[in-house]
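# Close look at the chain arrangement
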Amino acid sequence: MTQTKPFEISMRKVLEAYQHVKANQGAAGIDDESIEMFEADLRGNLYKLWNRMASGSYFPPPVKQVEIPKKNGGARILGIPTVADRVAQAVVKARIEGELEELFHPDSYGYRPNKSAADAVAVTRERCWKHDWVVEFDIRRAFDELDWDLMRRAVRKHVKDPWSLLYIERWLTASAVSPDGQPVQRTKGVPQGSVIGPVLMNLYMHYTFDAWMQREHPQNPFARYADDAVAHCRSESEATALMASIGARLKECKLDMHPEKSGVVYCKDDNRPLTYPRIQFTFLGYTFRPRKAKARNGKAWTAFLPAVSATAIKRMRRRIREWRLPRQTSVGLHELARRYNATLRGWLNYYGHFYKSVMQQVFDHFDRGLLRWARRKYRKFAKNPRRALAWLKKMVSRHPRLFIHWLAFGKITVWTMGAV
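Below is a short write-up of the structure.

About the criteria used
- Residues numbered from 1 in each chain as written.
- Predicted model: local features only at pLDDT ≥ 70, side-chain atom pairs only at ≥ 80, totals over all residues.
- Heavy atoms only, no water.
- Pairing = 2+ DSSP bridges.
- Helix = DSSP H or I, 4+ residues; strand = E, 2+ residues; numbered from the N terminus.
- 1 Å grid on protein atoms, 1.4 Å probe; cavity = no way out; pocket = protein on both sides within 12 Å on 5 of 7 lines; lining within 4 Å.
- Points joined across faces, edges and corners; volume = space filled by probe spheres on them.
- Nonpolar A, V, L, I, M, F, W, Y, C, P; charged D, E, K, R; others polar.
- Salt bridge = Lys/Arg side-chain N within 4 Å of Asp/Glu carboxyl O.
- Buried < 20%, exposed > 50% of the residue type's maximum accessible area, 1.4 Å probe, protein only.
- Axes fitted to C-alpha atoms, helices over the stretch in contact; angles between N-to-C directions.
- Parallel < 35°, antiparallel > 145°, perpendicular 65-115°, else oblique.
- Left-handed = near helix turned anticlockwise from the far one by under 90°.
- Contact = heavy atoms within 4.5 Å.
- Patch = residues over 30% accessible without salt bridge, like charges linked within 9 Å, V, L, I, M, F, W, Y side chains within 5 Å.
- Areas by Shrake-Rupley, 256 points an atom, 1.4 Å probe, with all protein chains shown as cover.
- Lys, Arg positive; Asp, Glu negative; His and termini not counted.
- Charge placed at Lys NZ, Arg CZ, Asp CG, Glu CD.
- Expected span 1.5 Å × (residues − 1).
- Arc of directions from axis to C-beta.

Here we come to the sheet that holds strand β2 (residues 75-80). Ordered in space as β2-β1-β4-β5, the four strands form an open sheet in which the pairing is mixed. Strands with a single pairing partner mark the edges of an open sheet, and in this sheet they are β2 and β5 (183-184).

All right, on to the layout of surface pockets then. Taken as a whole, the second largest pocket holds about 680 Å³ of empty space. Around the second largest pocket, the lining comprises 27 residues; the ones closest to its centre are H20, N24, A90, K93 and V195. Those elements that provide at least two residues to the lining of the second largest pocket are α1 (11-24) and α4 (83-103). Tallying contributions element by element places α4 first for the lining of the second largest pocket, with seven residues. Looking at the lining of the second largest pocket residue by residue, the classes come out as 13 nonpolar, seven polar and seven charged.

Turning next to the pattern of salt bridges. Any two side chains of opposite charge can pair, on the condition that their charged atoms come close. Under the counting rule described, the total for this entry stands at 23 salt bridges. R112 serves as the salt-bridge partner of E101, at 3.0 Å between the closest nitrogen and oxygen. A residue pair is termed long-range when its members are at least 10 positions apart, and E101 in helix α4 and R112 in the loop between α4 and α5 (117-130) qualify at 11 residues. For E101, a relative accessible area of 23% corresponds to the partly exposed category. Judged by its relative accessible area of 8%, R112 falls in the buried class. D144 is the salt-bridge partner of R141, the closest N and O atoms lying 3.5 Å from each other. Among the residues examined, R141 registers a relative accessible area of 48% and is labelled partly exposed. Overall, D144 belongs to the partly exposed group, its relative accessible area being 23%.

Bridging between strand β6 (residues 222-225) and strand β7 (residues 228-233) involves four bridges; their strand directions are antiparallel. Bridge pairing links R224 to A229 in β7. Between β6 and β7, which pair antiparallel in sequence order, lie two residues; one of them, A226, sits at a positive phi of approximately 60°.

Right, let's get into the packing of helix α7 (residues 148-158) against helix α8 (residues 162-172). Contact geometry for α7 and α8: axes closest at 11 Å, N-to-C directions at 165°. Taken as axis vectors, α7 and α8 run roughly antiparallel relative to one another. Judged by the twist between their axes, the crossing of α7 over α8 is right-handed. When α7 is examined against α8, the residues W148, M151, R152, V155 and R156 are found in contact with a partner set consisting of L165, I168, E169 and L172. For the contact of α7 with α8, a count of residues per class yields six nonpolar, no polar and three charged.

Quick look at unusual backbone geometry now. Positive phi values are uncommon outside glycine, yet D32 reaches one of about 60°. Here D32 shows up in the loop between α1 and α2 (35-39). You can call D32 exposed: its relative accessible area is 51%. The phi dihedral of N114 falls on the positive side, at around 60°, and the residue is not glycine. Mapped onto the fold, N114 is located in the loop between α4 and α5.

Sheet architecture is open: three strands sit in the order β9-β10-β11, paired in antiparallel fashion. Only two strands of the sheet have a single neighbouring strand rather than two, namely β9 (281-283) and β11 (300-308). Going across the sheet, the axis of each strand differs from the next one's by a mean of 50°, ignoring polarity. α5 contacts β9, β10 (286-294) and β11 of the sheet and is inclined by roughly 155° relative to β11.

All right, on to the packing of helix α3 (residues 42-55) against α4 then. One way to put it is that α3 packs onto α4 with a least axis distance of 11 Å and a crossing angle of 55°. Between α3 and α4, the interaxial angle falls into the category oblique. Both α3 and α4 take part in a crossing whose hand is right-handed. Across the interface between the two elements, L46, L49 and M53 from α3 touch A84, V87, A88, V91 and V92 from α4. A class-by-class count of the residues in the contact of α3 with α4 yields eight nonpolar, no polar and no charged.

Attention now moves to a positive patch on the surface. A cluster of basic residues, K70, R76, R140 and K261, forms a positive patch on the protein surface. R140 sits in the partly exposed class, given a relative accessible area of 38%.

Take helix α11 (residues 310-323) next. With 14 residues, α11 ought to run about 20 Å at 1.5 Å a step, and its terminal C-alpha atoms sit 20 Å apart, in line with that. Residues A312, I313, M316, I320 and W323 constitute the buried set of α11. End-on view of α11: buried residues confined to an arc of 100°, all on one side of the axis. Exposed residues lying more than 90 degrees from the buried face of α11 are A310, K314 and E322. Where α11 is buried, its residues meet β11, α12 (333-351) and α13 (360-377). R324 sits one or two positions beyond α11 and adopts a positive phi of about 55°.

Dropping the structure here:
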């Protein structure tokens with residue numbers, strides 16, 4: 001297609017952006033149009049979007065705000081753009097992401113290609129072995145508090161395309177609609193839930209924290225995932241000073257450290273005998289604390305290691321209860337595996353990276369649900385729980401690959417944990 005528009009945006013880039021949006025799915029925005037509805041006239045919708053973006057006449061519709069329960073209580077406000085707006089944001093994201101990737105620090109792990117939360121946990125584990133002290137911090141309402149003037153300075157320094165600059169500015173200042181339907185005029189922040197938001201967050205935090213740490217505290221390695229980060233120190237005094245320095249830096253950049261999720265931690269193990277009130281921290285769903293370990297020679301000792309956090313276990317167990325396994329007696333065991341293996345696999349793939357045995361608590365909870373399901377489905381098990389246990393044990397032996405955790409652990413231990 002010959003370009004006759006002010007901005008050189010190819011139709012192919014718009015199609016590729018749509019494919020990324022479709023792969024990530026997501027809820028409908030303010031227009032209540034789902035991805036399936038958008039796809040009903042895909043060619044027409046993508047052409048319309050391309051035409052407006054390439055001519056400079058595209059204006060984002062208001063962002064739909066929804067409340068999402070937080071892990072520790074309360075609610076987080078997410079901003080849900082329309083499907084078309086997510087595609088438009090994906091076009092700009094694809095254009096600027098490559099150049100920004102060359103700028104970003106290697107220890108920034110959130111929302112970046114070929115980097116993951118598991119990578120951040122892995123590097124943090126290794127650094128805790130080498131450094132006795134950790135500063136952990138979380139930023140209060142980070143996405144909502146990003147200062148627009150500071151953001152604009154960073155964007156203009158690195159984004160050169162006129163059309164990318166134009167649309168980033170329009171997304172920054174786009175209005176929103178609250179969960180109760182009231183218009184909201186925003187004055188700061190980027191919507192958490194948008195496509196472009198994580199890239200802008202990383203750019204903002206690059207100058208707020210990453211580059212500043214590299215310049216002011218090069219002796220303290222760190223790992224950051226969006227607004228959650230840890231930094232390593234060699235002494236308590238160094239950690240205390242760094243904690244204060246980070247707090248001051250965040251305030252300078254119009255952000256606040258979360259007091260309940262931030263602090264100094266001592267990485268206690270058998271080789272670190274000091275007494276300190278705080279000897280654990282949670283980072284990206286893993287709790288780092290002293291745990292029993294075995295050396296290669298079989299000798300047991302205490303090491304400072306990560307494992308799935310109690311909060312994450314509680315959240316996964318709650319999700320299993322919501323499935324109401326015992327009530328699904330109209331289907332068989334293989335259908336239950338089809339319905340839930342993807343979720344179980346996702347949990348195991350992430351939380352099973354380190355100290356996998358702790359995850360057995362989650363899978364035991366799932367297997368207890370299977371036992372209750374069997375006792376309701378089959379009359380012969382209703383008043384004979386031991387027969388139900390024997391049957392489930394036989395299923396594990398005959399079909400060890402049926403459920404992902406049966407294969408991973410080689411057995412189930414539910415009958416040793418008060419199931420009957």
